[in-house]
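A closer look at the structure
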Amino acid sequence: MAGMGPPPSENKRRRNKDELAEYGASVQADAEVHGPELPHAALYGPRTIDWYETWRRAPQAGAFVATDWQRLQMLAPLVDLFFLEPSVKLLSEIRLNEGLLGATHADRLRARIKVEPQTSRPGGTPNGVTDLTTVRRRKISDAS
């Protein structure tokens, strides 16, 4: 027995349209360092400094405003304490705050943050990558 009701229409209209789609941000994966240095960095361990520097190089950091950097700076003592004495409570608070800043792929999808791939230099080689042809030519000319 076939299903009940009328057949599906080809002209179906989506009624749950994403009303916030236009508010998404697009950020460039540029490997640039963004934002301020960690204040009082000497007070923190190396893993906390690495954590903060990772955030400074994250693509979404290019879109951060002063309050986002302030939040990361406020998190630094918690991250440092977590590295010294890991606890579920600290990890939960850190994860919550990092999630609001777009730490994971899922966080960025929820926040409608799209990371554009790194653009290439005019020669077609991505930024931060050495063109081996240039290096080889240099070695050949040095050998002559």
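Along each chain, residue indices are assigned from 1 in the same order as the chain's sequence is written. The predicted origin of the model limits local features to residues at a pLDDT of at least 70 and limits the giving and counting of side-chain atom pairs to 80 or more, whereas totals for whole chains, interfaces and linings rest on all residues. Side-chain calculation: all heavy atoms of the structure are included, whereas hydrogens and water are not.

Take the overall build of the protein next. Comment: elements are numbered from the N terminus, with helices defined as DSSP H or I runs of at least four residues and strands as E runs of at least two. Broken down by element type, the protein carries five helices and two strands. Starting at the N terminus, the α and β elements of the protein follow one another as β-α-α-α-α-β-α. Categorising residues by exposure relies on relative accessible area from a 1.4 Å probe, with only protein chains included: less than 20% of the type maximum marks a residue as buried, more than 50% marks it as exposed, and the intermediate range marks it as partly exposed. Classification of the 144 residues of the protein by burial places 22% in the buried group. The contacts of the protein with a sequence gap of at least 6 include a subset with a gap of at least 24, amounting to 61%. Summed over its atoms, the accessible surface of the protein is roughly 11100 Å², and 56% of this surface lies on carbon and sulfur atoms. Pairs of residues are marked as contacts when any of their non-hydrogen atoms sit within 4.5 Å. Note that accessible areas follow from Shrake-Rupley with a 1.4 Å probe, and for residues the cover is restricted to the protein chains shown.

Under the convention used throughout, the expected extent of a helix is 1.5 Å for every residue step, that is, one less than its residue count. For helix 2 (residues 66–84), which comprises 19 residues, the first-to-last C-alpha distance of 28 Å matches the rise-based estimate of 27 Å (1.5 Å per residue) to within 8%. What the bend at a residue measures is the angle between two axes, fitted to the seven residues ending there and to the seven starting there. The principal kink in helix 2, of about 35°, is found at A76, preceding the proline P77 by one to four residues. Buried within helix 2 we find D68, W69, L72, L75, A76, V79, D80 and F82. Tucked inside the fold, the buried residues of helix 2 contact helix 1 (46–57) and helix 3 (88–100).

Glancing now at the confidence of the model for the protein. In low-pLDDT segments, the atomic positions of the prediction should not be examined closely. pLDDT is a per-residue confidence score from the predictor, ranging from 0 to 100. Of the residues in the protein, 81% have a pLDDT of 70 or more, and the chain-wide mean is 85. For the protein, helix 5 (residues 132–143) is the element with the lowest average pLDDT, namely 69, and helix 2 is the one with the highest, namely 98.

Let's shift gears to the nonpolar core. Put simply, a nonpolar core is a bunch of buried Ala, Val, Leu, Ile, Met, Phe, Trp, Tyr and Cys residues held in one set by side-chain atoms that sit within 4.5 Å of each other. Ranked by size, the top nonpolar core spans 16 residues in total, and within it W51, Y52, W55, F64, W69 and L72 carry the most contacts. Elements supplying a minimum of two residues to this core: helix 1, helix 2 and helix 3. With six residues, helix 2 is the single largest residue contributor to this core. Once you skip the residues sitting within four places of it in the chain, W51 turns out to touch L72, L75, A76, V79 and E98.

Another point: unusual backbone geometry. With a phi angle near 55°, H40 is a residue other than glycine that sits in the positive phi range. Relative to the helices and strands, H40 resides in the loop between strand 1 (25–28) and helix 1. With relative accessibility at 62%, the residue H40 sits in the exposed group. The backbone of R112 shows a phi angle near 60°, a positive value even though the residue is not glycine. Relative to the assigned elements, R112 resides in the loop between helix 4 (105–110) and strand 2 (113–116).

Considering the arrangement of structural elements, one finds A41 in the loop between strand 1 and helix 1. The spatial distance from the C-alpha of A41 to the C-alpha of Y52 is 9.8 Å, given a sequence separation of 11 residues.

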